[in-house]
Amino acid sequence: MNLPTICIVGRPNVGKSTLFNKLVGKKISIIEDTPGVTRDRIYGEVTYQGKKFNLIDTGGLDIAKELFNDEIKTQVEIGVLEADKIIFVVDAKEGLTANDLEVKELLKKSGKEVIVAINKVDSNSANNHIYDFYELGFSNFIEVSGEHNIGIADLLDEIIEGFKKEEKEAENVCESIAS
Ligand code: GDP
Ligand code: MG
């Protein structure tokens, strides 16, 4: 069965892997202070309120500085190809950066549904930056902290919005056979 796929994208060090691990519930992705540590794309399966989906951490494409822009592009392109919805993670501790704007351009072109996760809202400097992200022009923003478990349920609610429950799908199949 094809599960809906959600892809986490964003520039290095915004907290993608931390958020991925929080959502999947197991520490299976590598987290480091240095950007570029996670090597591969990592897949996890999440069940929330009876709805199942695949989650992808594309952080494996955070590589060398000189390749930065290309790597971000590749990462987002993969996300756009594979995902039904995209979680675009930004960093409230640092604020909006030029690389966030590059990611934004690619996502806008794709026409895919984007949830902007404004991460690290636990940080002292976060309040100064949160409203900058509204400039990105997406309609769906959620303030989260992957590390401090803030806003995770809100993010999950938004992810599964519009997804069918698996039991429901099975019922529908039975009904259509019966009729
Ligand atoms: P990635 O490169 O986007 O995958 O980011 P990581 O998940 O590896 O995190 C990068 C750094 O940000 C690490 O030092 C994390 O401890 C830190 N970090 C991640 N999430 C949060 C958060 O919610 N709040 C704060 N203050 N720091 C975070
Ligand atoms: Mg990572």
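Residues numbered from 1 in each chain as written. Chains lettered and ligands numbered in written order. Predicted model: local features only at pLDDT ≥ 70, side-chain atom pairs only at ≥ 80, totals over all residues. Heavy atoms only, no water.

### Side note on the nonpolar core
Here is step 1: In this structure, Leu23, Phe53, Leu55, Ile87, Leu155 and Ile159 are the most contacted members of the largest nonpolar core, which totals 24 residues.
Here is step 2: Examining the composition of this core, we find that 5 residues originate from one element, helix α5 (residues 152-160), more than from any other.
Here is step 3: Grouped together as the second largest cluster of nonpolar side chains are 23 residues, Val90, Leu106, Leu107 and Ala126 included. (Core = buried A, V, L, I, M, F, W, Y, C linked by side-chain atoms within 4.5 Å. Buried < 20%, exposed > 50% of the residue type's maximum accessible area, 1.4 Å probe, protein only. Helix = DSSP H or I, 4+ residues; strand = E, 2+ residues; numbered from the N terminus.)

### Overview of the environment of Lys52
Here is step 1: Relative to the elements of secondary structure, Lys52 occurs in strand β3 (residues 51-57).
Here is step 2: Take Lys52: its relative accessible area is 30%, and that puts it in the partly exposed class.
Here is step 3: It is 8.6 Å that separates the C-alpha atoms of Lys52 and Phe163, two residues lying 111 residues apart in sequence.
Here is step 4: In this structure the side chain of Lys52 is engaged in a polar contact, spanning 3.5 Å, whose partner is the side chain of Glu45. (Polar contact = N/O pair within 3.5 Å; in protein donor to acceptor, adjacent residues only side chain to side chain.)

### Describing helix α3 (residues 98-110)
Here is step 1: Over its 13 residues, α3 runs 19 Å from end to end, which matches the ideal 18 Å to within 8%, given 1.5 Å per residue.
Here is step 2: When α3 is considered as a whole, its buried residues turn out to be Asn99, Asp100, Val103, Lys104, Leu106 and Leu107. Buried residues of α3, seen end-on, are gathered within an arc of 170° and therefore sit on one face of the element. Exposed and facing more than 90 degrees away from the buried side of α3 are Ala98 and Lys109.
Here is step 3: Positive backbone phi, at 75°, marks Gly111, one or two positions downstream of α3. (Expected span 1.5 Å × (residues − 1). Arc of directions from axis to C-beta.)

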